[in-house]
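The chain contents come next:
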Amino acid sequence: MNYENQKPFVARGSNIERCEACLLPQRGCICDYRVSVEARARFWLLTHRYETLKPTNTGRLITDTIEGSDLFRWSRTEPDTRFLQALDDPAIDPYIVFPEGEDYQHRMVEFEHKPGRQPVFIILDGTWRQARRMFRHGRYLDRLPVIQPSTTRTSRYMLRKAQHDHHLCTAEVAVAMLEQIGDQASADVLEAYFDIFNQHYRASRLSRPIESDTGAKNLLRVTQGNKASVSA
Ligand SMILES: [Zn+2]
């Protein structure tokens, strides 16, 4: 992803040195665990401008992990032309991921695999309030079907307080969607990377030691090893 020409995000009360790639404090850098997988779906994040550069944004974990995923800047009045062009690709099967609602019931669909087309899940990446505004006011999104993550998981995201337990953070929504379409292996990789992010972030905030032998880390090491042996 290209973060050039953008001002770095200045976190409250901190002059901690951060890794430029993962934005975590240097000590907690998670870049060593990064691995990308070819999943059965791609994710496009329409990201609110206040959200992009926040170190606690988990959308980045998706674009780091799931191949072909991308980030677009959301605007109510001036849609990203790159996004509109990408939507026109006949080889994709796009959905907006959003909870069910009465006034757009006719747009709600279940996932259905369509031969020759790759599912693309569009996630409105912002706070819950921002996402709702984006959904309501992005007229160019009106023609897209809406899919709801059918999950019983509750959020394990520790860095931001959600208003409700069922408000998953962006990375968790993507994990739920991968599970929903039966791609458990990719869901596991993304979830492991999210776990490590959570663990490192917290440890660096609380100045605690960072555990190196966790289930999530072992899974990603194995995934990296398998990938390396395939490409060798
Ligand atoms: Zn890093």
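Look up a bit, the structure's there.
The following paragraphs examine the structure supplied in this document.

Rules used throughout
Residues numbered from 1 in each chain as written. Predicted model: local features only at pLDDT ≥ 70, side-chain atom pairs only at ≥ 80, totals over all residues. Heavy atoms only, no water. Phe/Tyr/Trp six-rings, centres within 6.5 Å; stacked < 30°, edge-to-face > 60°. Buried < 20%, exposed > 50% of the residue type's maximum accessible area, 1.4 Å probe, protein only. Helix = DSSP H or I, 4+ residues; strand = E, 2+ residues; numbered from the N terminus. Donors = N, O, S within 2.8 Å, 3.2 Å for Na, K, Ca; no water. Tetrahedral: all angles 85-135°; square planar, octahedral: opposite > 155°, others 65-115°. Axes fitted to C-alpha atoms, helices over the stretch in contact; angles between N-to-C directions. Parallel < 35°, antiparallel > 145°, perpendicular 65-115°, else oblique. Left-handed = near helix turned anticlockwise from the far one by under 90°. Contact = heavy atoms within 4.5 Å. Nonpolar A, V, L, I, M, F, W, Y, C, P; charged D, E, K, R; others polar. Pairing = 2+ DSSP bridges.

1. Topic: the packing of aromatic side chains
- Under the defined criterion, the tally for this structure stands at 13 aromatic pairs.
- Between Phe 98 and Tyr 104 the ring centres are 6.3 Å apart and the planes differ by 55°, which places this aromatic pair in the tilted class. The burial state of Phe 98 is the same as that of Tyr 104; both residues are buried.
- Here Phe 98 and Trp 128 contribute two aromatic rings whose centre-to-centre distance is 5.6 Å and whose plane-to-plane angle is 25°, an arrangement assigned as stacked. Of this pair, Phe 98 sits in the loop between strand S3 (92-97) and strand S4 (118-125) while Trp 128 sits in helix H3 (residues 128-137), and the two are 30 residues apart along the sequence.
- Phe 98 sits in the buried class, given a relative accessible area of 6%.
- Classification of Trp 128 by relative accessible area gives partly exposed; the value is 27%.
- Put simply, the rings of Phe 43, Tyr 95, Phe 111 and Phe 121 pair up and form one aromatic cluster.

2. Notes on the coordination of the zinc ion
- Distances from the zinc ion to its protein donors, namely Cys 19 (SG), Cys 22 (SG), Cys 29 (SG) and Cys 31 (SG), fall within the range 2.3 to 2.4 Å.
- Taken together, the 4 donor atoms coordinating the zinc ion and their angles of 103 to 115° define a geometry best described as tetrahedral.
- In the primary sequence, the donor residues of the zinc ion line up as C-x2-C-x6-C-x1-C.
- Among the residues examined, Cys 22 registers a relative accessible area of 4% and is labelled buried.

3. Some words on the packing of helix H5 (residues 184-205) against helix H6 (residues 215-231)
- Running from N to C, H5 and H6 cross one another at 130°; their axes reach a closest spacing of 9 Å. With respect to H6, the axis of H5 lies oblique. In terms of crossing hand, the pair formed by H5 and H6 is left-handed. In this structure, H5 uses Asp 188, Val 189, Ala 192, Tyr 193, Asp 195, Ile 196, Gln 199 and His 200 to contact H6, whose residues at the interface are Ala 216, Lys 217, Leu 219, Leu 220 and Thr 223.
- Residues belonging to the contact of H5 with H6 are distributed by class as follows: 7 nonpolar, 3 polar and 3 charged.

4. What about the sheet that holds strand S5 (residues 146-147)?
- Pairing in this open sheet of 5 strands is parallel, and the strands run S2-S1-S4-S3-S5 from one edge to the other. Strand pairing shows two members of the sheet lacking a second neighbour, strand S2 (70-73) and S5, which therefore form its edges.
- Relative to S2, strand S1 (residues 42-47) runs parallel, the two sharing 4 bridges. Residue pairing across strands places Leu 46 opposite Phe 72, the latter belonging to S2.
- Packed onto the sheet, H3 meets S1, S3, S4 and S5 and runs at close to 120° relative to S4.
- Here helix H4 (residues 170-180) sits on the sheet and contacts S1, S3, S4 and S5; the angle it forms with S4, its principal contact strand, is near 155°.

5. Comments concerning the environment of Glu 179
- Positionally, Glu 179 belongs in helix H4.
- Residues Glu 179 and Ser 150 lie 29 residues apart in sequence; the distance between their C-alpha atoms is 9.4 Å.
- For Glu 179, the residues in contact, after removing those within four places along its chain, are Arg 153, Gln 184 and Ala 187.

6. Some remarks on unusual backbone geometry
- Located in the positive-phi region is Leu 23, a residue other than glycine, with phi close to 65°.
- Relative to the assigned elements, Leu 23 resides in the segment before S1.
- In this structure, Ser 207 takes a positive phi of about 50° despite not being glycine.
- Structurally, Ser 207 can be placed in the loop between H5 and H6.

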